[in-house]
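# Commentary on secondary and tertiary structure
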Amino acid sequence: MSRLQADHLFKVFGRRPDEAVGKLNGGIGRDELRADGTTAAVIDASFTVEPGQIFVVMGLSGSGKSTLLRMLNGLLEPTAGRVLFDGQDLTALSPRELRAVRANKISMVFQHFALFPHRSVLENAAYGLEVQGVSRSERERRAAEALELCGLAGWEKSWPDELSGGMQQRVGLARALATDADLLLMDESFSALDPLIRRDMQDQLLELQKRLKKTIVFITHDLNEAMRLGDSIAVMRDGRIVQLGTAEDILVRPANDYVASFIQDVDRTRVLTAEAVMTAPLRPGAGDCGCESVAPGTPVAEVCAVSARVPHPVAVKDDRGTLVGVVPQSRLIGFIGDEQRPPTACDRPGPQTEKEVAHA
């Protein structure tokens, strides 16, 4: 499987870009460069996307996230830095070699579907394979399989304008999957959709990822979407990555005031999990003890619902039934940090004796 690495990437538009990179490395700010007619779109971006990971780049308009994405597949040439994919330096390839990599190893899913109105759903899904020179029968077979994966079996002969926005985006996703590319680049792919359809597409992507384990870079300006999808998240501001980490890292340990203000309206109970709030059990590794339990990845909101039903801390068990932690009610209250709201069932005091924790 293929690892993607961004190594000190810069993208500067305007006069004397190489000179601008030197100034940025020397401590000159973005605004100072802009006064001279130079725009630093991406400044010293470095990160690694592990195989099978969904890596989300999030930020507001103008933060540099889309420019960064276009450097990852060579649509934009970096002013400085390298992009390494599967051990290969993409920035050192000739235009012909780069086109071959894009045709066979990297697929894009765009914000506004980018479907051909004069081609059927099947023909649209097969387009990337057509570019690769795959025979018609083979590309139609693979495109049909990808459409089925995306929940569009039976729509192969339809036209794009006969589909809803969500269905059209599924066609775009199927087109990317049909090529069996190692890397998917998704640029605000769900942002044009209505909220409910957008949530469905997020569910679809997560379900597909469980099965296919692609390496995905997903661009979004929506924090809740980033938190829901990202195994790892890069927060961008003014061309720079200001924090890199998991959703839990960013929610619990924001790197600066900007990130803290960005996340203040996030429902932490829907993002953080039992693993994030649990404490070590007094009898680690205990097996099934007959009480209600949750998995480590259970959202805190669901842990609260369980906690409201039981007179003891909630047990956290792995997929083998081994006790890996417990979540006392007091821990839930403290971790959520919402002391101003009226008490709920999740807040009620509960037994916290050593015996009761051990029983959990």
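With an unreviewed UniProt entry as reference, the protein chain is termed Glycine/betaine ABC transporter ATP-binding protein, source organism Streptomyces purpureus.

## Here we look at the overall build of the protein chain
The secondary structure content of the protein chain amounts to 17 helices and 13 strands. Reported as C-alpha extents along the three principal axes, the dimensions of the protein chain are approximately 70 × 55 × 35 Å. Here the protein chain, with 360 residues, has 48% of them falling under the buried criterion. Considering only intrachain contacts with a sequence separation of at least 6, the fraction spanning at least 24 residues in the protein chain is 68%.

## Quick look at the side chain of lysine 11
As for its position among the elements, lysine 11 is in strand 1 (residues 4–13). The side chain of lysine 11 sits in the buried core without any salt bridge; glutamate 77 is the nearest counter-charge, 6.3 Å away. Excluding residues that lie within four positions of it along the chain, lysine 11 makes contacts with Thr39, Ala40, Ala41, Val42, Thr67, Met71, Glu77, Pro78 and Thr79.

## Quick word on the sheet that holds strand 12 (residues 314–317)
Spatial strand order, 11-12-13: three strands in an open sheet with mixed pairing. A single partner strand is all that each edge strand has here, and the edge strands are strand 11 (293–294) and strand 13 (323–327). Packed on one face of the sheet, helix 15 (residues 300–307) meets strand 11, strand 12 and strand 13 and runs near 135 degrees to strand 12.

## Here's the deal with the pairing of strand 1
Both faces of the sheet carry side chains from a regular strand, because those side chains alternate between them. For strand 1 and strand 4 (residues 80–85), the ladder comprises five bridges, and the chain directions are antiparallel. Among the inter-strand pairings, glutamine 5 is bridged to a residue of strand 4, identified as leucine 84.

## Section: the domain arrangement of the protein chain
How big an interface is tends to be reported as the loss of accessible area on association of its parts. By the assigned domains, the protein chain splits into domain 1 (48–268) and domain 2 (270–336). The distance between the C-alpha centroids of domain 1 and domain 2 comes to 34 Å. Each side of the interface is counted separately: domain 1 has eight residues, and domain 2 has six residues. Summing both partners gives a buried area of about 650 Å² for domain 1 against domain 2, and 62% of it is carried by carbon and sulfur. The largest per-residue losses of area from domain 1 upon contact with domain 2 belong to Glu248, Asp267 and Arg268, which jointly make up 72% of the total buried on that side.

## Quick look at the nonpolar core
If you look at the biggest cluster of nonpolar residues, it comprises 62 residues, and the most contacted ones within it are Phe218, Met227 and Ile233. Counting residues per element, this core draws most heavily on helix 8 (residues 165–178), which supplies seven residues. When residues of this core are sorted by domain, at least three fall in each of domain 1 (48–268) and domain 2 (270–336). By size, the runner-up hydrophobic cluster in this structure holds 27 residues, among which are Val57, Val101, Met108 and Ala234.

## Digging into the pairing of strand 8 (residues 215–220)
Buried residues dominate strand 8, accounting for six of its six residues. Burial of strand 8 is two-sided: the residues Thr215, Val217 and Ile219 facing one way and the residues Ile216, Phe218 and Thr220 facing the other way are all buried. Judged from the five bridges that link them, strand 3 (residues 54–58) and strand 8 form a sheet pairing that is parallel. Residue pairing for strand 8: isoleucine 54 is matched across the bridge by isoleucine 216. Examined bridge by bridge, strand 7 (residues 183–187) and strand 8 share five bridges and lie parallel to one another. In the sheet register, aspartate 187 faces strand 8, and the bridge partner there is isoleucine 219. Handedness of the crossover joining strand 7 and strand 8 through helix 9 (residues 195–212): right-handed.

## Section: the UniProt feature "domain: ABC transporter" (unreviewed entry) in the protein chain
In the numbering used here, UniProt assigns the "domain: ABC transporter" (unreviewed entry) feature to residues 4–263. Summarising residues 4–263: 42% helix, 23% strand, and an end-to-end C-alpha distance of 27 Å.

## Here's the deal with helix 3 (residues 65–72)
The buried fraction of helix 3 is high, at six of eight residues. Taken residue by residue, helix 3 has Lys65, Thr67, Leu68, Leu69, Met71 and Leu72 as its buried positions.

## A look at the pattern of salt bridges
Going through the model one piece at a time under the given rule, you end up with 19 salt bridges. Of the charged contacts, one joins arginine 82 and aspartate 7 as a salt bridge, the two residues approaching to 3.2 Å between their closest N and O atoms. Here arginine 82 is found in strand 4, whereas its partner aspartate 7 is found in strand 1, with 75 residues between them in sequence. Take aspartate 7: its relative accessible area is 24%, and that puts it in the partly exposed class. For the salt bridge of arginine 16 with glutamate 19, the shortest nitrogen-to-oxygen distance reads 3.3 Å. What makes arginine 16 exposed here is its relative accessible area of 51%. Within this structure, Arg16, Glu19 and Lys23 form a network of salt bridges that share partners.

## What about the side chain of arginine 119?
For arginine 119, the location among the structural elements is in the loop between strand 6 (106–109) and helix 5 (121–125). Discounting chain neighbours no more than four positions away, the residues touching arginine 119 are Asn124, Tyr127, Glu130, Trp159 and Pro160.

Each value, and the rule that gives it
In every chain, residue numbers begin from 1 and rise along the written sequence. Only residues with pLDDT of at least 70 are given local features in this predicted model, and only at 80 or more are side-chain atom pairs given and counted; all residues enter the totals for whole chains, interfaces and linings. Side-chain numbers come from the whole structure's heavy atoms, not from hydrogens or water. Helix and strand assignments come from DSSP, with helices taken as H or I runs of at least 4 residues and strands as E runs of at least 2, each series counted from the N terminus. For every residue, the accessible area obtained with a 1.4 Å probe (protein chains only) is divided by the maximum for its type, and the residue is called buried under 20%, exposed over 50%, and partly exposed between those limits. Contact criterion: two residues are considered in contact whenever any of their non-hydrogen atoms come within 4.5 Å of each other. Here Asp and Glu are counted as negative and Lys and Arg as positive; His is not counted, and neither are the chain ends. Any Lys or Arg side-chain nitrogen found within 4 Å of a carboxyl oxygen on Asp or Glu counts as a salt bridge. When DSSP finds at least two bridges between two strands, those strands are taken to pair. Axis angles are defined between N-to-C directions and span 0 to 180 degrees, where every axis is a line fitted to C-alpha atoms and, for a helix, only to the segment in contact. As used throughout, domain bounds are those supplied by an automatic or database domain assignment. Buried area: the sum, over both parts, of the accessible surface (1.4 Å probe) that disappears when the two are put together. Within this scheme, the nonpolar core is defined by two criteria: the residues are buried Ala, Val, Leu, Ile, Met, Phe, Trp, Tyr or Cys, and they are joined through side-chain atoms within 4.5 Å. Call a crossover right-handed when, viewed with both strands pointing away from you, the route from the first strand across the helix to the second goes clockwise. UniProt positions are given in the numbering used here, feature names are shortened, and annotations may be inferred rather than shown by experiment.

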